[in-house]
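As a plain string of letters, each chain reads:
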Amino acid sequence: MRNCQDTLQWLDAYWDNELDPVNTLEIEQHLQGCTACSQSYEELRTLGIALSDLPRHRIPAVLREQVRSALRAEAGEESKTIPFPPTARASWPWLTAIAAMLLLCALLAGVLLTSRPPPASASERESQEVIASHIRSLMASHLADVISTDEHTVKPWFDGKLDFSPPVIDFAKEGFPLIGGRLDYLTDKPVAAIVYRRDKHVINLFCRPSGPKSPDSLPQLVTHQGYHVVTWTQQGRNCWVVSDLNEAELQQFVELVRRPTPG
């Protein structure tokens, strides 16, 4: 859960739509429950709208040429443009300051561009979307379309809603009771979301068929913003497990899900 200081630092990026889905959802969740930060965001939004409506003026050609000449003069080059009028000689310090500011802006722009992180890979974007779906289910209080601890109630519920049969097993004896299931989407494709609980922690298990030639893969763990995502492929099925449960217990749950079942 974000605090006010952290949220305020990200408001500009949130307004500019520069955040990934996970950060966006966390910012929205904080704004819904914090009057002070919501007011700060409204002030930022109002200012942004007002600035976008201001008229924009082109730089006069004379001023642009004077700045260029000042830059060449600072570099020790002879100006080949039209000479300044006599009244402009007294403005040399001012022009030099403008030239310095322009150079500083160019340097800062270069630093910002080179310091930007590389774009997220497909697997990273997928993990972020899994976490976003998990957070969204908690925020909307919509963990399950069918609420039941009986696997024989949850599993048939998916019939007719999906073109595959997801694995639905109650692990209550192992400390991971079944809560229910729902229909969800990842990368714009339907998935079965099977919901479990460990103490006060919710676990979402997403499943859908993999490609016909997709080989089995071992579980891979990714951690982002305090959430763990474990993904793997097994027996023609892609699986994702996501929760804020500690890593050791989440791995224990994954092993239960991957355990061979009769039939």
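The structure this text deals with has already been given above.
Computed from a prediction, not measured in an experiment: that's the story for all the values here. (Residues numbered from 1 in each chain as written. Predicted model: local features only at pLDDT ≥ 70, side-chain atom pairs only at ≥ 80, totals over all residues. Heavy atoms only, no water.)

A. Quick peek at the sheet that holds strand β4 (residues 201-209). Spatial strand order, β1-β2-β3-β4-β7-β6-β5: seven strands in an open sheet with antiparallel pairing. Each edge of the open sheet is held by one strand with a lone partner, namely β1 (146-147) and β5 (217-224). Contacting β3 (189-198), β4, β5, β6 (227-234) and β7 (237-243), helix α8 (residues 247-258) runs over the sheet at an angle of about 20 degrees to β6. (Pairing = 2+ DSSP bridges. Helix = DSSP H or I, 4+ residues; strand = E, 2+ residues; numbered from the N terminus. Contact = heavy atoms within 4.5 Å. Axes fitted to C-alpha atoms, helices over the stretch in contact; angles between N-to-C directions.)

B. A look at the packing of helix α1 (residues 4-15) against helix α2 (residues 21-33). Put simply, α1 and α2 touch, their axes get as near as 10 Å, and they point 120 degrees apart. Of the possible angle classes, the one that applies to α1 and α2 is oblique. The crossing of α1 and α2 is left-handed. Counted together, C4, T7, W10, L11 and Y14 of α1 and N23, T24, I27, E28, H30 and L31 of α2 form the full contact between these two elements. Its residues assigned to classes, the contact of α1 with α2 comprises six nonpolar, four polar and one charged. (Parallel < 35°, antiparallel > 145°, perpendicular 65-115°, else oblique. Left-handed = near helix turned anticlockwise from the far one by under 90°. Nonpolar A, V, L, I, M, F, W, Y, C, P; charged D, E, K, R; others polar.)

C. Up close: the pattern of salt bridges. Summed over all chains, the structure comprises three salt bridges. Across the pair E174 and R259 runs a salt bridge, and its minimum N-O distance is 3.6 Å. Placement of E174 in the loop between α7 (151-157) and β2 (178-186) and of R259 in the segment after α8 is noted, with a sequence separation of 85 residues between them. Under the relative-accessibility criterion, E174 is labelled partly exposed at 30%. The salt bridge partner of R182 is D184, with a shortest N-O separation of 3.1 Å. In terms of burial, R182 and D184 fall into one category: buried. (Salt bridge = Lys/Arg side-chain N within 4 Å of Asp/Glu carboxyl O. Buried < 20%, exposed > 50% of the residue type's maximum accessible area, 1.4 Å probe, protein only.)

D. Examining the nonpolar core more closely. Residues F158, Y196, I203, L205, W232, V241 and F253 are the most contacted members of the largest nonpolar core, which totals 26 residues. Going through the elements one at a time, α7, β3, β4, β6, β7 and α8 are the ones with two or more residues in this core. Here the element with the most residues in this core is α8; it accounts for five residues. When near neighbours in sequence (up to four residues on either side) are disregarded, F253 contacts F171, F176, Y196, I203 and V241. Formed by 14 residues, the second largest nonpolar core is a distinct cluster that contains V130, I131, I135 and V229. (Core = buried A, V, L, I, M, F, W, Y, C linked by side-chain atoms within 4.5 Å.)

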